[in-house]
Amino acid sequence: MNVLSLEKLDSNFDRYHRMCGEAMSKKAFDELAPLAPEAVTFNIKRAVEHWPGNIVIRTETPGYVLDRPAFIRSVLDRAKKEGCHLEKGAATSIVKDGNGYLVRTKDGWEIRSKWIVGADGWNSLVRRTFFEGAPRMLWTEQYVTGVQTEKDVMSFYYDQKYLGGYRWVFPHPKGSRVGFTKGTDMVPEALERHVRPIPYDYHSFVKGGACLVGDSAGQANPITFGGIRQGMVAAKMMASSLVNGGLDDYERKWRRSKRASTSYVKAFDALKLMDNDALERSMGPFRSGYGRRTMLRAMLSGKETRKLYQAYALAAEWGW
Ligand SMILES: Cc1cc2nc3c(=O)[nH]c(=O)nc-3n(C[C@H](O)[C@H](O)[C@H](O)COP(=O)(O)OP(=O)(O)OC[C@H]3O[C@@H](n4cnc5c(N)ncnc54)[C@H](O)[C@@H]3O)c2cc1C
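Residues numbered from 1 in each chain as written. Predicted model: local features only at pLDDT ≥ 70, side-chain atom pairs only at ≥ 80, totals over all residues. Heavy atoms only, no water.

K.L.:
Could you give an account of the environment of Arg127, naming the residues involved and the relevant values?
P.N.:
On the secondary structure map, Arg127 appears in helix α4 (residues 125-130). Residue Arg127 is classed as buried on the basis of its relative accessible area, which comes to 4%. As for Arg127 and Arg15, which are separated by 112 residues in sequence, their C-alpha atoms are 24 Å apart. Excluding residues that lie within four positions of it along the chain, Arg127 makes contacts with Gly121, Trp122, Gly133, Ala134, Pro135, Met137, Tyr202, Leu212, Asp215 and Ser216. Within the structure, Arg127 has its side chain in polar contact with the backbone oxygen of Trp122 (distance 2.9 Å). (Helix = DSSP H or I, 4+ residues; strand = E, 2+ residues; numbered from the N terminus. Buried < 20%, exposed > 50% of the residue type's maximum accessible area, 1.4 Å probe, protein only. Contact = heavy atoms within 4.5 Å. Polar contact = N/O pair within 3.5 Å; in protein donor to acceptor, adjacent residues only side chain to side chain.)

Below is the structure:
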């Protein structure tokens, strides 16, 4: 296929793509092969969760914090070698044009194509033009600080004030990056500030020859807030569907995948309603850590919390 990738950002590209924890699990790359974890800044060994009631849960979670702009560039270089045309340009309008589409850019180009893939982020032009409604948005703020933290650990702090979310502390070359649901915590002394939404809970991915992948499709996981793997796996499904003649297979595969489970959104909505006592109670069975036995005991402890644990287990496996 003759593929054109259009990117609107130029000098701002790195800054935009650093507005992220930049974390990906090792499992993500098992699925994304032959892509490999390039531009790794830190190798992650553990997640440490701090829950109300002084519950601290340590889990082995192999993964990476990437230099995400460099990682994306390595993916784009690879695509270019495979024959993809990479152009700088901001799409400003897309209209149906016979059997295909006509894209107009800010610089006055007109591009005709048979298919349109909206991989254009949370405020997707493709979604706004051809699809109805929008994903729900979880607005977040994140800060790069000079405060040092363990370089192989991702830390999470749960509290009712984060409204279903949490505060995360990840390693950063300058110290740490600290993020939380927008407006829910004190702003730390920071070197950089990032504000962006994480779109989730949307259920329309294909309309004729147009489709959505990644944040445009609200495919991020509302339990882990992970969206890089989700978007890349969706893109892989979409591409293999397209080369086989159309987009229907993409929609079918995504809907059947563990990533599309409705359990994540239900769990997130349940977490939003829980106060610190309820959060503490829900994590009580795991005081001594996550494990098969503790998970089994927890699963038997009640219907509502069972759904929560199922969503956590799925998210740990598929969500980042
Ligand atoms: C604070 C924060 C922390 C996060 N941490 C993590 C994390 O640690 N791990 C993780 O997996 N996920 C994380 N996420 C989620 C993750 O960042 C997103 O889900 C992911 O970036 C989505 O990728 P995408 O390619 O779909 O969209 P984007 O990254 O938004 O990329 C869209 C691209 O399309 C371009 N574009 C947009 N409109 C046009 C146009 N009209 N014409 C041409 N080009 C256009 C943009 O310039 C951009 O380059 C985090 C999100 C936030 C906000």
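Moving on from the model shown.
K.L.:
Got a sec to walk through the nonpolar core? Specific residues and values, please.
P.N.:
Ranked by internal contacts, the top residues of the largest apolar core, which has 38 residues, are Trp51, Phe156, Ile223, Met283 and Tyr312. The contacts of Ile223, once residues within four sequence positions are left out, are Tyr166, Tyr264, Ala267, Phe268, Leu271, Tyr312 and Ala315. Counting 35 residues, the second largest nonpolar core, distinct from the first, contains Leu125, Val206, Leu212 and Val233. (Core = buried A, V, L, I, M, F, W, Y, C linked by side-chain atoms within 4.5 Å.)

K.L.:
Please provide a residue-by-residue account of the site of the ligand, values included.
P.N.:
Residues in contact with the ligand amount to 30 residues; listed here are only the nearest, Glu7, Tyr16, Gly21, Arg68 and Asp215. His17 has a polar side-chain atom sitting 2.9 Å from an oxygen atom of the ligand. Isolated, the ligand exposes 1000 Å² of accessible area, and the fraction of that covered by the protein chains is 90%. Where the shell around the ligand is concerned, the elements lending two or more residues are β1 (4-7), α1 (13-17), β10 (136-145), β12 (167-172) and β14 (192-200). Classifying every residue of the shell around the ligand gives 14 nonpolar, nine polar and seven charged. (Near = heavy atom within 4 Å. Areas by Shrake-Rupley, 256 points an atom, 1.4 Å probe, with all protein chains shown as cover. Nonpolar A, V, L, I, M, F, W, Y, C, P; charged D, E, K, R; others polar.)

K.L.:
Please give an account of the sheet that holds strand β2 (residues 23-25) that cites residues and values.
P.N.:
Read across the open sheet, the eight strands follow the order β2-β4-β3-β11-β12-β13-β10-β14; overall the sheet is mixed. Here the strands that pair on one side only, and so sit at the sheet edges, are β2 and β14. Averaged over all pairs of adjacent strands, the angle between their axes in this sheet comes to 30°, without regard to strand direction. (Pairing = 2+ DSSP bridges. Axes fitted to C-alpha atoms, helices over the stretch in contact; angles between N-to-C directions.)

K.L.:
Summarise helix α3 (residues 68-81); cite the residues concerned and give the values.
P.N.:
The terminal C-alpha atoms of α3 lie 20 Å apart, and with 14 residues this matches the ideal 20 Å at 1.5 Å per residue to within 8%. For α3, the secondary structure elements touched by its buried residues are α1, β2, α2 (26-32), β4 (55-66) and α5 (228-243). Residue Gly83 follows α3 closely and has a positive phi angle near 105°. (Expected span 1.5 Å × (residues − 1).)

K.L.:
Run through the pattern of salt bridges, naming residues and quoting values.
P.N.:
Taken as a whole and judged by the stated rule, the model has 22 salt bridges. Taking the shortest distance from any N to any O, the salt bridge between Arg177 and Glu22 comes out at 2.6 Å. Of this pair, Arg177 sits in strand β13 (residues 175-181) while Glu22 sits in the loop between α1 and β2, and the two are 155 residues apart along the sequence. Glu22 carries the same exposure label as Arg177, and that label is buried. Among the ionic pairs, Asp269 bridges to Lys272, the shortest N-O distance being 3.9 Å. Of the two residues, Asp269 and Lys272 both sit in helix α7 (residues 263-272), three residues apart, roughly one turn of that helix. Looking at Lys272, the relative accessible area reads 35%, which means it is partly exposed. (Salt bridge = Lys/Arg side-chain N within 4 Å of Asp/Glu carboxyl O.)

K.L.:
Before we move on, can you summarise the pairing of β13 with the specific residues and values?
P.N.:
Of all seven residues making up β13, seven are buried, and the element is well covered by its neighbours. Relative to β13, β10 is paired through six bridges, and the arrangement is antiparallel. By the bridge assignment for β13, Thr145 is matched with Ser176.

K.L.:
Tell me about the sheet that holds strand β6 (residues 91-97), and name the residues and values.
P.N.:
Spatially, three strands are ordered β6-β7-β8 in an open sheet, and the strand pairing comes out antiparallel. Two strands close off the open sheet at either side, each with one partner strand: β6 and β8 (110-113). In this sheet, adjacent strand axes meet at a mean angle of 20° when their direction is disregarded. Alignment of β6 against strand β7 (residues 100-105), held across six bridges, turns out to be antiparallel. From the neighbouring strand, Ala91 faces β7, where its bridge partner is Thr105.

K.L.:
Help me get a handle on unusual backbone geometry, residues and values and all.
P.N.:
Here the residue pair Ala33 and Pro34 is connected by a cis peptide bond, since its omega of 15° sits within 30 degrees of zero. Note on placement: Pro34 falls in the loop between α2 and β3 (40-51). With phi around 55°, Asn54 is a residue other than glycine that occupies positive phi space. With respect to the helices, strands and loops of the structure, Asn54 is situated in the loop between β3 and β4. Here the phi dihedral of Leu163 falls at roughly 55°; this positive angle occurs in a residue that is not glycine. Assignment of secondary structure puts Leu163 in the loop between β11 (153-157) and β12. Among the residues examined, Leu163 registers a relative accessible area of 45% and is labelled partly exposed.

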